[in-house]
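Here are the chains, one letter per residue:
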Amino acid sequence: MSFRNTVLAITAILLTANLAAHAQRLSANVHPEHYSLSLTPDLLTATFSGEETIDVTLDAPAQTITLNAAEIEFQSVRAIISDFSPKIQVAEVALDPVKEQATFTFGRELPAAKFSLAIRFSGILNNKLRGFYLSKTKLRNYAVTQFESTDARRAFPCFDEPALKATFDISLTVDAADTVISNTNLIDAHSGPVAGKHTLRFATTPKMSTYLVAFLVGDFKCTEGKSDGVPIRACSTPDKVQLTKFALESAKYVLHYYDNYFGIKYPMPKLDMVALPDFEAGAMENFGCITYRETDLLTDLKTGDIPAKKRVAVVVAHEMAHQWFGDMVTMQWWDNLWLNEGFATWMETKPVAEWRPEWNFTQDDAQTLDDTLNLDAQRTTRTIRATANTPDEINEMFDGIAYGKAGAVIGMVENYLGKETFRQGVHNYLQAHLYANATAEDFWNAQTANSHQPVDKIMASFITQPGVPLLTFSERKATGVPVEQSRFFLSATASDQNQQDQRWTVPVCLKTSAAPVCRILTPEDSTIPIPVDLALPAFYANAAAKGYYRALYSPLQYQAIVAKAETALTPPEKINLLGDRWALVRSGLGKVGDYLDLVLALKQDPNATVLDSVHQQLQKVSSEIATDQDRARLDAIIRREFGPVYAALGAPAKDESYDRQQLRGILFEMLGEAHDPTTLAKAQMLAVRVFAADNKKDKTLDPTLSDAAVLVSAADGNAALYEKLLAVSQNSANPGEKSDALRALPRFHDPVLIQRTLDYVAAGKIRNQDSGAVLDVLLRHRETRDQAWDYIRANWDKVHAQLTVSSGTDLVAATGNFCSVQQREEVSGFFATHPVEASKRALAKAVDGINDCVQLRSLQQPDLNYWLERNAN
Ligand SMILES: [Zn+2]
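Quick caveat: nothing in here was measured; it's all calculated off a predicted structure.

Peer 1: Explain the packing of aromatic side chains here, please?
Peer 2: Where two aromatic rings form a pair, the distance of their centres and the angle of their planes describe that pair. Per the counting criterion, the structure on display carries 45 aromatic pairs. Here the aromatic rings of phenylalanine 156 and phenylalanine 168 are separated by 6.3 Å at their centres, their planes lie at 75°, and the arrangement is edge-to-face. Taken together, the residues span a long stretch of sequence, with phenylalanine 156 in the loop between strand 9 (141-146) and strand 10 (167-175) and phenylalanine 168 in strand 10 at a distance of twelve residues. Relative to phenylalanine 443, the ring of phenylalanine 422 has its centre 6.3 Å away and its plane inclined at 70°; by these criteria the two rings are edge-to-face. Here phenylalanine 422 is found in helix 9 (residues 419-432), whereas its partner phenylalanine 443 is found in helix 10 (residues 440-451), with 21 residues between them in sequence. Across the pair, phenylalanine 443 and phenylalanine 422 agree in class, each one buried. Here the aromatic residues Tyr257, Tyr258, Tyr261, Phe262, Tyr266, Trp324, Phe325, Phe343, Trp346, Phe422, Tyr429 and Phe443 are joined through ring pairs into a cluster of three or more. The aromatic ring of tyrosine 142 is capped on one face by arginine 140, whose charged end is 4.7 Å from the ring centroid. Arginine 581 extends its terminal NZ or CZ atom over the ring of tyrosine 558, reaching a point 3.6 Å from the ring centre.

Peer 1: How should the pattern of salt bridges be read in this particular structure?
Peer 2: It is possible for side chains bearing opposite charge to pair when their charged atoms get close. Counting across every chain of the model gives 46 salt bridges. Among the salt bridges present, the one from aspartate 770 reaches arginine 293, with a minimum N-O distance of 3.1 Å. Here aspartate 770, found in helix 24 (residues 768-780), pairs with arginine 293, found in strand 19 (residues 289-293); they are 477 residues apart in sequence, far enough to count as distant. Per residue, the accessibility class of aspartate 770 equals that of arginine 293, and both read buried. A salt bridge links aspartate 399 to arginine 382; the shortest N-O distance between them is 2.7 Å. One end of the pair, aspartate 399, is in the loop between helix 7 (391-396) and helix 8 (401-417); the other, arginine 382, is in the loop between helix 6 (361-376) and helix 7, with 17 residues separating them in the sequence. For the pair formed by aspartate 399 and arginine 382, the shared burial category is buried. Salt bridges sharing common partners tie together Glu71, Glu100, Asp151, Arg153, Arg154 and Asp160.

Peer 1: Can you walk me through helix 13 (residues 555-568) in this structure?
Peer 2: Turn by turn, an α-helix covers 3.6 residues, leaving residues three or four places apart pointing in a common direction. Its 14 residues give helix 13 an end-to-end C-alpha distance of 19 Å, which sits within 8% of 20 Å, the value for a rise of 1.5 Å per residue. The sharpest bend along helix 13 comes to roughly 35°, located at valine 562. Burial in helix 13 covers these residues: Gln557, Tyr558, Ala560, Ile561 and Ala565.

Peer 1: Just to check I follow, could you spell out helix 6 for this structure?
Peer 2: The end-to-end C-alpha separation of helix 6 is 22 Å, in line with the 22 Å expected for 16 residues at 1.5 Å each. If you check which residues of helix 6 are buried, you get Phe361, Gln363, Ala366, Gln367, Leu369, Asp370, Thr372, Leu373, Asn374, Leu375 and Asp376.

Peer 1: Could you clarify how one ought to interpret the sheet that holds strand 3 (residues 62-68) in this entry?
Peer 2: Strands pair in a sheet through their backbones, by hydrogen bonds, and they do so in one of two ways: parallel or antiparallel. Across the sheet, ten strands lie side by side as 3-6-5-4-7-2-1-10-13-12; this open sheet has mixed pairing. The open sheet has two free edges, formed respectively by strand 3 and strand 12 (186-191), since each of these has just one partner strand. Strand-to-strand, the axes of this sheet are offset by a mean angle of 20°, without reference to chain direction. As judged from the five bridges shared by strand 12 and strand 13 (residues 197-202), these two strands associate in the antiparallel manner. Residue pairing in the sheet places leucine 186 in a bridge with phenylalanine 202 of strand 13.

Peer 1: When you look at the confidence of the model for the protein chain in this model, what are you seeing that I'm missing?
Peer 2: When pLDDT is low, close inspection of the predicted coordinates is not appropriate. Chain-level statistics for the protein chain give a pLDDT mean of 92 and a share of 96% at 70 or above. Counted against residues more than four places away or in other chains, residues 4-21, with its pLDDT under 50, gives 55 contacts.

Peer 1: Is there a simple way to think about the sheet that holds strand 16 (residues 230-236) in this case?
Peer 2: Overall, mixed pairing links the five strands, which are arranged 15-16-17-19-18 in an open sheet. Edge positions in the sheet fall to strand 15 (221-227) and strand 18 (283-284), since each of these pairs with one other strand and no more. Where strand 17 (residues 271-276) lies against strand 19, five bridges are found, and the strand directions are parallel. Note that in strand 19 the partner of methionine 273 across the bridge is isoleucine 290. Relative to the sheet, helix 2 (residues 245-262) contacts strand 15, strand 16 and strand 17, its axis offset from that of strand 15 by approximately 25°.

Peer 1: Could you clarify how one ought to interpret the environment of tyrosine 722 in this entry?
Peer 2: Checked against the element boundaries, tyrosine 722 lands in helix 21 (residues 719-731). The class of tyrosine 722 is buried, set by a relative accessible area of 1%. In the structure, tyrosine 722 is positioned 114 residues away from valine 836 in sequence and 31 Å away in space, judged by C-alpha atoms. If near-sequence neighbours (up to four positions away) are discounted, tyrosine 722 is found in contact with Leu745, Phe748, Leu753, Arg756 and Thr757. A polar contact is formed between the side chain of tyrosine 722 and the side chain of threonine 757, at a distance of 2.7 Å.

Peer 1: Honestly, the packing of helix 16 (residues 608-625) against helix 17 (residues 628-649) in this entry has me stumped. Any pointers?
Peer 2: The relative placement of two packed helices is expressed as an angle between their axes plus a distance between the axes. With their axes 9 Å apart at the nearest point, helix 16 and helix 17 run at an angle of 160° to one another. The angle between the axes of helix 16 and helix 17 places the two elements in the roughly antiparallel class. The handedness of the crossing between helix 16 and helix 17 is right-handed. From helix 16, Leu611, Val614, Leu618, Val621, Ser622, Ser623 and Ile625 reach across to helix 17, where they touch Asp630, Arg631, Leu634, Ile638 and Phe642. Each residue belonging to the contact of helix 16 with helix 17 can be placed in one class, and the counts come to eight nonpolar, two polar and two charged.

Peer 1: I'm lost on the side chain of threonine 150 in this one. Help?
Peer 2: Along the chain, threonine 150 turns up in the loop between strand 9 and strand 10. With relative accessibility at 4%, the residue threonine 150 sits in the buried group. Ignoring any residue separated from it by four or fewer positions in sequence, one finds threonine 150 in contact with Glu100, Asp160, Pro391 and Ile394.

Peer 1: Is there a simple way to think about the nonpolar core in this case?
Peer 2: In this structure, Phe156, Phe215, Phe262 and Phe473 are the most contacted members of the largest nonpolar core, which totals 281 residues. For phenylalanine 156, the residues in contact, after removing those within four places along its chain, are Tyr35, Leu37, Glu52, Asn68, Ile72, Phe121, Phe147, Phe168, Val213 and Phe215.

Conventions used here
- Residues numbered from 1 in each chain as written.
- Predicted model: local features only at pLDDT ≥ 70, side-chain atom pairs only at ≥ 80, totals over all residues.
- Heavy atoms only, no water.
- Phe/Tyr/Trp six-rings, centres within 6.5 Å; stacked < 30°, edge-to-face > 60°.
- Helix = DSSP H or I, 4+ residues; strand = E, 2+ residues; numbered from the N terminus.
- Buried < 20%, exposed > 50% of the residue type's maximum accessible area, 1.4 Å probe, protein only.
- Lys NZ or Arg CZ within 6 Å of the ring centre and 35° of its normal.
- Salt bridge = Lys/Arg side-chain N within 4 Å of Asp/Glu carboxyl O.
- Expected span 1.5 Å × (residues − 1).
- Bend = angle between axes of the 7 residues up to and from the residue.
- Pairing = 2+ DSSP bridges.
- Axes fitted to C-alpha atoms, helices over the stretch in contact; angles between N-to-C directions.
- pLDDT = per-residue confidence, 0-100.
- Contact = heavy atoms within 4.5 Å.
- Polar contact = N/O pair within 3.5 Å; in protein donor to acceptor, adjacent residues only side chain to side chain.
- Parallel < 35°, antiparallel > 145°, perpendicular 65-115°, else oblique.
- Left-handed = near helix turned anticlockwise from the far one by under 90°.
- Nonpolar A, V, L, I, M, F, W, Y, C, P; charged D, E, K, R; others polar.
- Core = buried A, V, L, I, M, F, W, Y, C linked by side-chain atoms within 4.5 Å.

Quick look at the structure:
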């Protein structure tokens, strides 16, 4: 699956294995081999009926068979066994709604043999965005599926575990005017069985896991193309089909790229990508039939802006990587979810960066790494591989650790081995497990065997231990640069000494005045050997910013780095340096004043992503450390220092680089947030032009600057501007535009307008998939937080009813932005009596985050005050 980018899922404490949970696993005695599945959904009554036969093998004689089913009613269950008497055995069905299982008990013991289970059942098309569910537009209903992780069992009784792979024959009976899209190609369509219906039958699938099955019913329209001989379609509801062309172009490029990269051809007869009006995740990699939320697939090929195109291309590349990594070769169990998600996350920018080099993915990757290091430096982080048995525990695995950390560790290993060696290892691993399952060990053993490097030791140390290494360097000695390892915490509280003593096997690449020096640092090593003729102290400890660690230097080494940062470091390295120094401030190992000196040293940097990191970190200094008085002085310094940088960029010019446009937008937002009067006036003026009826003709309007202007204006915006954004969020035909407008609504600071947004969410006027993101923005910002928190508690039943599983988790996680002891007590107290599904870890992390913020303020505020005084003029 793919995350929604707007809310970095923030969760995680160590899961403890629990014996009752183990009981939810199915017996190893039964193996499904083939499903023949026929379904008849009724989109008006929101129900469906189904018939299936499951060909199974029983290893040892048994009188009962248990499989998964949830919200399913059974009409009949029979076993059909040749050479057995009687040939047909009827079963009694017992349901266990808690375990989401059904147990079939037969009149006599069944033999160890191959036979078929014939099942008739019915179920509901729910509105919870999981299983077989209803997705609605103003015009009609659609019946669609989302099965990962454990919801195939809501659509048909099945052995719903990733290792229980089988082949599938799927057919659906639907309205004659509707179509169905499923995993494989359509092989038969005929009218009936009743008037007004037709039955569509699909080719047999390869062996695959149940969570990757999909069937989508409605009046979808598609754009068609081909790549390496594989037919590709990008589809949507009929009104949006003109927005599918860009995704199709992306997929054509990516499919050819992956065919070459993996050295294994795309495995399905076709690829469909379908945008669904209601969709919980970003996208889902169903084998041959990828589903998306509309904003992650649809954008205009000609007029779509670059951030929207980047998002679509990256999500397409992520889901397509899963067709090999996840779909063809699947993790044995959910504890190794990182094998799917870490790999797809690492891979998702690779083909797109080759396709569109000007989109600066190396800088995005450095920023993602920095976010992940911060997430993993919380006390409540988890190991990449963690126990998960119940559906709630499994759902909580889809977090920044399984995606971001696993992706970063894979990237670090690739950087150390070299691209081609790593690629060959990937090929060997996939080739050895085609249409089967694999574990972490299978992956790193394949890489170790191919490279003759200790990949197994490196990966094991990062996959099975939580947290981030801190490398502390001292002045060079004759033998090399002395270095010590410890575990880094994003908090100044003294942590458990055992945890601090943690050690890793970590590839370290020092950037020097000559070629980079890359060495594996083992838990026993205390020096990085370097050539004797190498001029030091100038080295940077994370060449190319691919290493998964934080670095702390001696004062002399750090001075040498800052002196050369502007010219000697690449943009990803500068992002990494800023990230390291800001993290050290939060941990108490650095001072906020020194960090702000670095910001001023890099203020002229021409790379947008470097300035974007500065912007985000300054927002935190302002909201988490500064008092009201400090904030006014910090704003004045931001205006004084960054005003001239913005002015020097001049007006937007035709054919300007993407990076320069972004840079202008970021500086404009920074100055607006710092209450620069000229910027505020310009923002108002631009916002008026953006919403002028004929703005499509206004070619002089720069899109990046317009977006920044709308956000800046919203902060002190009035009801008139709010109305305009609300109208766009409701009526725009472009999903990206609609979603941007929706996300601007919680940026208004006027209490009356905050109340309107909250009422709007509570009344269910926003699609459930988006309500979490809106609440997240309200809770994240200091200016809107208190009012939103009061409202959510006072109207909990209404708000809670609007949340899906993941938006509920996001809501709990967002309270981690609070910064007072009182609010911490309120958060723990409130969620203890108002529990939110799959949010245990999110709550622990939120409390952790609040504690860190409280501590950060008391620790760094005096130094901020001192720095502001020194830099006042
Ligand atoms: Zn994924």
